[in-house]
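What follows is the residue order along each chain.
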Amino acid sequence: MSPATLLHPPPTVDSVVPERDPAGFIPHVQALGRGATLRRDLTRAEACDALDRILGGSATEAQTGAFLIAQRVKGECAAEISGFADAVRQRWMEPVPHSVSPLLDLAVPYDGKERTAQLVPAVALTLAACGLPVMLHGDEQVPTKAGVTVGAVLDQLGVAIDLSPAEAGLRLEVDGVAYCSAARFMPAWHDLLPTRWEFGLRTVLNTIEKLVNPANADWQVTGFYHTKYIDHVRAAQTGGQASWIVQGEEGSVEMRSGRKTRIYGQSADESVVLDPAALGFAERVAVEPDPDPAAHAALNEQAVNDEDCPGRDQVALTTGVILSLFGRTADIPSGIEAARSALANGRASALLESMAN
């Protein structure tokens, strides 16, 4: 396998992170934490340096907490989001090597779902069955929801989730779908979880982990919820060729039948308001299983087996829209038809069976 290449590499980090340099981190806290009239946004380079120091252990735990809360109060700008992502992608991430192209980075909240079904595994399997390979990534017990995650559902389905980046790359080559845990491809990030739990609040890290794109995929779809952050995030996405944001259930990518979903491209004129009713999904269906990964896994298995279940329409709708966004089908109805075909002819279920063995 040849390593994946970064099509649009971020600026290089020039500084070497000292073993412990609290004084060097103070300016970053001061920039964010002064009063409303004096605080300012960090530049992209400053944001990169700040997170680089946090992940490298140069900043103290107190400084890390102060920085993340000050960032939360101020609100992140596009340059800061890009700079934070730069730090992870340059120094603190072991990329997933592969030669798959095109590849979709399906980036969903690491803290999972707590009210609605986690159907991303079934969506990924259906996309791959339609010829679009998918990279999945995540972590467990991420604040603030610590909900049902993609990894937990895959584990219940018998799919290996404790893979090294190299092993995940091999799975991409063989199956067209792979999952890699942050504990394996960016362990320093994973090690911040105890500190993050002490806040009781979401931080900018919840945004950044969806943008790390560990396989440097050509295409990216990320799930976000809050509209006011969309313009900041759309400028910071990391798909090598094209990226889209889906304002789906619980900030993920699943698109509910009977309810409109907003989808945003990388420029202001690339936006879609998905109206499922116009596509034949008039009934409003909320898939709300028990808060147990096994229950979510059962829904995913029923969907990929093309059983008549509440999740099947949602999987077909979400898959069909994503296929159309990247020109894999002529339009959304054609994408939905392709998704339904991949479910009905057994390609998606055969893929799950192969990955679970």
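Here goes a summary of the coordinates provided. (Residues numbered from 1 in each chain as written. Predicted model: local features only at pLDDT ≥ 70, side-chain atom pairs only at ≥ 80, totals over all residues. Heavy atoms only, no water.)

## Some points on a nonpolar patch on the surface
And step 1. Side chains of Ile-69, Val-73 and Leu-201 sit close together on the surface and give an oily, nonpolar patch of about 230 Å² of accessible area.
And step 2. Here Leu-201 is to be found in the loop between α10 (193-197) and α11 (204-208). (Patch = residues over 30% accessible without salt bridge, like charges linked within 9 Å, V, L, I, M, F, W, Y side chains within 5 Å. Areas by Shrake-Rupley, 256 points an atom, 1.4 Å probe, with all protein chains shown as cover. Salt bridge = Lys/Arg side-chain N within 4 Å of Asp/Glu carboxyl O. Helix = DSSP H or I, 4+ residues; strand = E, 2+ residues; numbered from the N terminus.)

## Some thoughts on the sheet that holds strand β3 (residues 177-181)
And step 1. Across the sheet, which stays open at both edges, the seven strands sit in the order β3-β2-β1-β4-β5-β6-β7 with mixed pairing between neighbours. Only two strands of the sheet have a single partner each, and these edge strands are β3 and β7 (271-274). Taking the axes of each pair of neighbouring strands and ignoring which way they run, one obtains an average angle of 20 degrees across the sheet.
And step 2. Contacts from helix α7 (residues 165-175) reach β2 (134-138) and β3 within the one sheet, and its direction differs from that of β3 by about 165 degrees. (Pairing = 2+ DSSP bridges. Axes fitted to C-alpha atoms, helices over the stretch in contact; angles between N-to-C directions. Contact = heavy atoms within 4.5 Å.)

## Observations concerning the packing of helix α2 (residues 44-56) against helix α4 (residues 78-91)
Axis angle and axis distance: for two packed helices, these are the angle between their axes and the distance between the axes, and together they describe the pair.
And step 1. Look at α2 against α4: their axes get within 7 Å of each other, and the N-to-C directions meet at 45 degrees. In terms of their interaxial angle, α2 and α4 are classed as oblique. Like other packed secondary-structure pairs, α2 and α4 cross with a definite hand, here right-handed. Residues Arg-44, Ala-47, Cys-48, Leu-51, Asp-52 and Leu-55 of α2 touch α4, and the partners they reach there are Ala-79, Glu-80, Ser-82, Gly-83, Phe-84, Asp-86, Ala-87, Val-88, Gln-90 and Arg-91.
And step 2. Tallied by class, residues from the contact of α2 with α4 come to eight nonpolar, three polar and five charged. (Parallel < 35°, antiparallel > 145°, perpendicular 65-115°, else oblique. Left-handed = near helix turned anticlockwise from the far one by under 90°. Nonpolar A, V, L, I, M, F, W, Y, C, P; charged D, E, K, R; others polar.)

## Quick word on the packing of helix α14 (residues 310-325) against helix α15 (residues 332-344)
And step 1. Contact pair α14 / α15: the axes reach a minimum separation of 7 Å and the direction vectors enclose 130 degrees. Considering their axes alone, α14 and α15 lie oblique with respect to each other. You can see that α14 and α15 cross each other, and the crossing is right-handed. For the pair α14 and α15, the contacting residues are Arg-312, Asp-313, Ala-316, Leu-317, Thr-319, Gly-320, Val-321, Leu-323 and Ser-324 in the first and Ile-332, Gly-335, Ile-336, Ala-338, Ala-339, Arg-340 and Leu-343 in the second.
And step 2. Taken together, the residues of the contact of α14 with α15 sort by class into nine nonpolar, four polar and three charged.

## Observations concerning the state of the cysteines
And step 1. Per the stated rule, a full pass over the model turns up zero disulfides.
And step 2. Free of any disulfide, Cys-77 has its nearest neighbouring cysteine sulfur in Cys-48, separated by 14 Å.
And step 3. Considering cysteine sulfurs only, Cys-130 is the nearest to Cys-309, which forms no disulfide, with 16 Å between them. (Disulfide = S-S within 2.5 Å.)

## Quick look at the environment of Arg-284
And step 1. Inspection of the secondary structure assignment puts Arg-284 in the loop between β7 and α13 (293-304).
And step 2. Residue Arg-284 is classed as exposed on the basis of its relative accessible area of 52%.
And step 3. Taking the C-alpha atoms as reference points, Arg-284 and Ala-297, 13 residues apart in sequence, are found 22 Å from one another. (Buried < 20%, exposed > 50% of the residue type's maximum accessible area, 1.4 Å probe, protein only.)

## Considerations on the pattern of salt bridges
And step 1. Scanning all chains against the criterion turns up 20 salt bridges.
And step 2. Taking the shortest distance from any N to any O, the salt bridge between Arg-53 and Asp-49 comes out at 2.8 Å. With Arg-53 and Asp-49 both in helix α2 and four residues apart, the pair spans about one turn of that helix.
And step 3. Since its relative accessible area comes to 13%, Arg-53 is described here as buried.
And step 4. Residue Asp-49 is classed as buried on the basis of its relative accessible area, which comes to 17%.
And step 5. A salt bridge links Asp-162 to Arg-184; the nearest nitrogen and oxygen atoms lie 3.0 Å apart. In this pair, Asp-162 is assigned in the loop between α6 (150-156) and α7 and Arg-184 in helix α8 (residues 182-185), connecting sequence segments 22 residues apart.
And step 6. With relative accessibility at 30%, the residue Arg-184 sits in the partly exposed group.

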